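Below are the chains, spelled out letter by letter.
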Amino acid sequence: MERLERLYKIDQLLRDRRLVPFSTFMEKLGMSRASVKRDLEFMRSRFNAPIEYDREANGYRFGEPRPGPRYELPGLWFSAGEAYALLTMHSLLAELQPGLLEPHIKPLQERLRALLGGEPAWKEVEKRIRVFQPERRSTQTQFFEVTARAVLTRSRLWIRHYNRKENRETEREISPQRLVHYRDNWYVDGYCHRSEGLRTFAVDAIRAAELREARAKELPAAELDAHLGSGYGIFAGREVQWAKLRFTAEAARWVAAQSWHPDQKSRFEENGSYVLELPYANDRELLMEILKYGADVEVLAPASLRDRVSEVLRQAAQRYADS
């Protein structure tokens, strides 16, 4: 009998009976006295089980809840959200192995495995449920480490950053405010002392990084959210516009189940089409999302975004016609 199965059996015996003699545990589990004691202690120490021994009655029972986490045995069945959360957390922790975070990551990984019932149970879950990150970009460990250190120690950071759009590198000194994990990639929000404003930098585009002795410039969280959290995605900003998109009835079956922005507005029309309105400050990322749906989406507003999509599609059509 695997340990997880034994723990459930012990739990069931304690719930079904007011008092369970030690001999009953040994009989039902087919285990020695020493093995039963180890499992009982494991349930107390690992899962905070309120198992008490009644010396007078010579048996075990559940007592009052103990201080600390609520007692609950792990299981192999989770809701979709719970399974995704656990597996995503483990996947992220496996990726975050720079020296700065390693002492904290290993205990968390062990705790996740324990919640799933130890190694046999965890391996079974891992075999049956997978989390893929197809758009994740690789980040060099040393640059993630120094960036995270600057964020946590509130130090300024010098970086040489590659601008993919302009295909060039720039040197900047920033006061990092926070690390952001967005769509399987890491970004650092920071105050750029060269441009004297808030900027967002992709960590995987950092080509060199060094800590500075100077303290980082602190900005209120409200200011960060107003500047970096108002528009669509990672390309946020203060100059926010609202996009109005209409999806066909077929595309609506998928889009209606998605959350594009916390402040989005949406409605279904009589013919089954789906109208989605959301704020954005930089159309670059929103443009990529719109183009994914091809002929199944129409930009209703603003006119500038509609023109941008039209021009990109025209250029694509011309390129195919010329090839």
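*Asks:* Just to check I follow, could you spell out the packing of aromatic side chains for this structure?
*Replies:* In this description, a pair of aromatic rings is defined by centroid distance and the angle of the planes. Inspection of every chain in the model, using the stated rule, returns eleven aromatic pairs. For the pair F268 and Y274, a centre-to-centre distance of 5.0 Å together with 55 degrees between the ring planes defines the contact as tilted. Judged by relative accessible area, which is 54%, F268 ranks as exposed. Ring pairs connect the aromatic residues F22, F25, Y53 and Y60, which therefore count as one cluster. Above the face of the F22 ring, R33 is positioned so that its terminal group lies 4.5 Å from the ring centre. In this structure, K217 is placed above the aromatic ring of Y191, and the distance from its NZ or CZ to the ring centre is 5.2 Å.

*Asks:* Explanation requested: the sheet that holds strand β7 (residues 197-202) in the structure shown.
*Replies:* The strands that make up a sheet pair up through hydrogen bonds in the backbone, lying either parallel or antiparallel. Strand order in this open sheet of five strands is β7-β6-β5-β4-β8, and the pairing throughout is antiparallel. Each edge of the open sheet carries a strand with a single partner, namely β7 and β8 (206-215). Taking the axes of each pair of neighbouring strands and ignoring which way they run, one obtains an average angle of 45 degrees across the sheet. When strand β4 (residues 155-163) meets β8, the two strands line up antiparallel, connected through six bridges. Looking at the pairing, I159 lines up with A209 of β8.

*Asks:* Please explain the pattern of salt bridges as it appears in this structure.
*Replies:* Pairing between side chains becomes possible if they bear opposite charge and their charged atoms approach one another. Applying the stated criterion across every chain yields a total of 22 salt bridges. A salt bridge links E277 to R267, with the nearest nitrogen and oxygen atoms 3.9 Å apart. Pair noted here: E277 is in strand β11 (residues 274-280) and R267 is in strand β10 (residues 265-268), with a separation of ten residues, a long-range link. The exposure class of E277 is partly exposed, given its relative accessible area of 23%. Given a relative accessible area of 38%, R267 falls into the partly exposed group. For E298, the salt bridge identified is with R306, shortest N-O distance 3.3 Å. Where salt bridges share partners, they join R246, R267, E269, E277, E298 and R306 into one cluster.

*Asks:* How do you make sense of the side chain of H261 when you look at a structure like this?
*Replies:* With respect to the helices and strands, H261 occurs in the loop between α9 (249-255) and β10. Among the residues examined, H261 registers a relative accessible area of 5% and is labelled buried. Within the structure, H261 has its side chain in polar contact with the backbone nitrogen of D263 (distance 2.9 Å).

*Asks:* I'm lost on the confidence of the model for the protein chain in this one. Help?
*Replies:* Across the protein chain, pLDDT averages 85, with 80% of residues at or above 70. Of all the helices and strands in the protein chain, helix α4 (residues 80-95) carries the lowest mean pLDDT, 64, while strand β12 (residues 297-301) carries the highest, 97.

*Asks:* What should I look at first to understand the pairing of β7 in this one?
*Replies:* A regular strand carries its side chains on alternate faces of the sheet. Of the pairings in the sheet, the one linking strand β6 (residues 185-192) to β7 comprises six bridges and is antiparallel in character. Opposite V188, over in β7, you have F201 as the bridge partner. Hairpin remark: β6 followed by β7, antiparallel, with four residues in the connecting loop; positive phi at E196, about 55 degrees.

*Asks:* Looking at this structure, how should I read the sheet that holds β10?
*Replies:* The antiparallel open sheet is built from four strands, whose spatial order is β10-β11-β9-β12. Each having just a single partner strand, β10 and β12 make up the two edges of the open sheet. For this sheet, the mean angle separating the axes of adjacent strands, direction not counted, is 20 degrees. In this structure, strand β9 (residues 241-247) lies alongside β12, joined through four bridges in antiparallel fashion. Bridged to F247 within β12 is V297. Together, β9, β11 and β12 form the strand contacts of helix α10 (residues 283-292), whose direction differs from that of β11 by roughly 160 degrees.

*Asks:* Can you help me understand the environment of G30 in this one?
*Replies:* Turning to its location among the elements, G30 is positioned in the loop between α2 (22-29) and α3 (33-47). Classification of G30 by relative accessible area gives exposed; the value is 66%. Separated by 24 residues in sequence, G30 and R6 have C-alpha atoms that sit 9.8 Å apart.

What counts and how
Residues numbered from 1 in each chain as written. Predicted model: local features only at pLDDT ≥ 70, side-chain atom pairs only at ≥ 80, totals over all residues. Heavy atoms only, no water. Phe/Tyr/Trp six-rings, centres within 6.5 Å; stacked < 30°, edge-to-face > 60°. Buried < 20%, exposed > 50% of the residue type's maximum accessible area, 1.4 Å probe, protein only. Lys NZ or Arg CZ within 6 Å of the ring centre and 35° of its normal. Pairing = 2+ DSSP bridges. Helix = DSSP H or I, 4+ residues; strand = E, 2+ residues; numbered from the N terminus. Axes fitted to C-alpha atoms, helices over the stretch in contact; angles between N-to-C directions. Salt bridge = Lys/Arg side-chain N within 4 Å of Asp/Glu carboxyl O. Polar contact = N/O pair within 3.5 Å; in protein donor to acceptor, adjacent residues only side chain to side chain. pLDDT = per-residue confidence, 0-100. Contact = heavy atoms within 4.5 Å.

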